[in-house]
Structures are given as C-alpha cells and as structure tokens.
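Topology and contacts: notes
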Amino acid sequence: MPQINTEQLTVGYGKKPIVDSLELSIPESGITCIIGPNGCGKSTILKTIARLLKPSNGSVLLDGKSIHKQSTKSVAQKIAILSQSPHTPEEMTVKDLVSYGRSPYQKGFGQLNGKDWEMIHWALVETNLLDYADRYVHSLSGGQRQRVWIAMALAQDTDVLLLDEPTTYLDMAHQLDVLQVLEKLNKVQKKTIVMVLHDLNHASRFSDYLVSIRDGKIVKAGTPEEVMNNEVLRSVFDIDAHIIKDPKTQKPTCLTYHLI
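A brief structural summary. (Residues numbered from 1 in each chain as written. Predicted model: local features only at pLDDT ≥ 70, side-chain atom pairs only at ≥ 80, totals over all residues. Heavy atoms only, no water.)

**Let's talk about helix 6 (residues 172–189)**
Helix length check: helix 6 (18 residues) gives 25 Å between terminal C-alpha atoms against 26 Å at 1.5 Å per residue, within 8%. Among the residues making up helix 6, those that are buried are Gln 175, Val 178, Leu 179, Val 181, Leu 182, Leu 185 and Asn 186. Seen end-on, helix 6 carries its buried residues on one side only, within an arc spanning 145°. Structural note: helix 6 exposes Met 172, Ala 173 and Val 188 on the side pointing more than 90 degrees away from its buried face. Of the residues flanking the start of helix 6, the one acting as N-cap is Asp 171, its side-chain oxygen 3.2 Å from the backbone nitrogen of Ala 173. Among the residues trailing helix 6, Lys 190 stands out with phi positive, at a value near 60°. (Helix = DSSP H or I, 4+ residues; strand = E, 2+ residues; numbered from the N terminus. Expected span 1.5 Å × (residues − 1). Buried < 20%, exposed > 50% of the residue type's maximum accessible area, 1.4 Å probe, protein only. Arc of directions from axis to C-beta. Polar contact = N/O pair within 3.5 Å; in protein donor to acceptor, adjacent residues only side chain to side chain.)

**Focus: the sheet that holds strand 9 (residues 209–214)**
Strand order in the open sheet made by the 6 strands is 6-7-8-3-9-10, with mixed pairing throughout. Only two strands of the sheet have a single partner each, and these edge strands are strand 6 (79–82) and strand 10 (217–222). Taking the axes of each pair of neighbouring strands and ignoring which way they run, one obtains an average angle of 15° across the sheet. With 5 bridges connecting them, strand 7 (residues 160–164) and strand 8 (residues 192–196) associate as parallel partners. Counted as the bridge partner of Leu 162 is Val 194 from strand 8. Sheet strands in contact with helix 1 (residues 42–49) are strand 3 (31–35), strand 6, strand 7, strand 8 and strand 9, and its direction is about 150° off that of strand 7. (Pairing = 2+ DSSP bridges. Axes fitted to C-alpha atoms, helices over the stretch in contact; angles between N-to-C directions. Contact = heavy atoms within 4.5 Å.)

**Regarding the pattern of salt bridges**
Tallied over the entire structure, the rule returns 8 salt bridges. The residue Lys 217 makes a salt bridge to Asp 20 at a minimum N-O spacing of 3.3 Å. Note that Lys 217 is positioned in strand 10 and Asp 20 in strand 2 (residues 16–26), a separation of 197 residues in sequence. Using a relative accessible area of 30% as the deciding quantity, one classes Asp 20 as partly exposed. With a closest N to O distance of 3.9 Å, Lys 187 and Asp 208 form a salt bridge. Of this pair, Lys 187 sits in helix 6 while Asp 208 sits in the loop between helix 7 (200–206) and strand 9, placing them 21 residues apart in sequence. (Salt bridge = Lys/Arg side-chain N within 4 Å of Asp/Glu carboxyl O.)

Structure below.
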C-alpha cells in the first residue's frame, strides 16, 4: 500500500495561506475522515494530496518521495480522487464514464484491452451498477450518479481513494448507500480511503481515523473516540456538544449541540 504523509505543508491562494505547516500521516488500509468548519482547508488538503494543487512550501510524500516530482501517470495509478459535485456529462452511458478510469493505463489513443474491460466490469459489480451499464448517467438518481463516479475511480485500480464530500446533496438513504459502498471497499479490498465529510456522525461511524482541522491546522487527530468529544468540538466548531455512544456501532455520536 502507498504511504502518504505531509511535511510542513503550506498551501494558499495568492499570498494568503489556507493550510499552514501541516504534518499529517494517512493510516494505510483504513478510512480517514477530515472534518472542520467551512473554509478551514479540508478540500485544499485533499486536492494537494491528490497533486491538483501545488504547495507554496513543504511537500506531500508518496512512498517517501515528493508527489509533485513524480509523473502524473505514475501518481494516477496509485491515487484516485472524486471531487466535490462532479459534472455529469450529457448523453454518456454509465459504462462509458466508468471506462475513463482506465485513462492512466492508456498509451496515446490506445483502445481498451481485456484487462481494462475486466476492471470496468468489476467496478460496476462492486457499486451495484451492472444492470445500469447502458443507461445514460444523467437519467439516474443522485445517489446512483455518485456511485457511477465511485465506479470510475475504482476502475482506475488504485490503492488509495480520495473523496471530497461524496454525500453532498444526497438524502439520508443515498448517503448511507454511498458510505456503505466505500466501507465495503475498505474492508474487502483493503483500499485506503480519505474523505472530507460535513456530517460528524457519519465521519465517526465510518472512519478509523479522524482529522479535525481549523484555520488550516490540525486541532486533533486520532480515533473517533479521541476526536469526537466535547473539548475538541468546542475548539473546532465553537459548539457545546452532547456526545453519547451509539448502541449499535459503539462509535461516539453527537446527540445534540449548541453554539457557544
């Protein structure tokens, strides 16, 4: 499994730093969730790890080497990213969109080979989309479309999946559907998954490791039990939270909260 960590990572837009001197190590073969208020740098961190943004200082290390000094194709064969609210193309079938995940393995304008179609089929099966392979993506529900994008990332056949708010705009049932697909990929395929989530209870329930961010810095990182407590949530979100243990999952759950 690829090892990912940051060293003194500083990223900004213009002269203003959004992320400042970040030191972060992503646990291998686990689910990591990044939480924090709007504008704190969560998505910026994810995009920089994915090599979509270049740091102004410090580095992202992939297997001990700066990710920005590695080739785009090499990185794309190790890390896949699903950005927030990706644009759904018109008149494209599910199968065709998922096939784009094989781009890092193509040479020039090469045709898809047997291995490519094998991975596309596997990705459709894993996301329960095989029966929808010839449907147009734009004709599907929001939850189904999100699974198509996840299938495209799966077809990329990477050990690491990065997802920026994958449950945004989905109803409760479709949120759980998407998160359970990701949970299965982690448990069965041992993929390293890093997500930005707004819902604290989902982050706690589905993660092995939580990273809380405020103003571009880590406030607390650790297990859900170590991060989902009133002291940390006060520091990160300015809320006074009542935390209980979920009787089914045994994970900490925010029952209610108030502004402080």
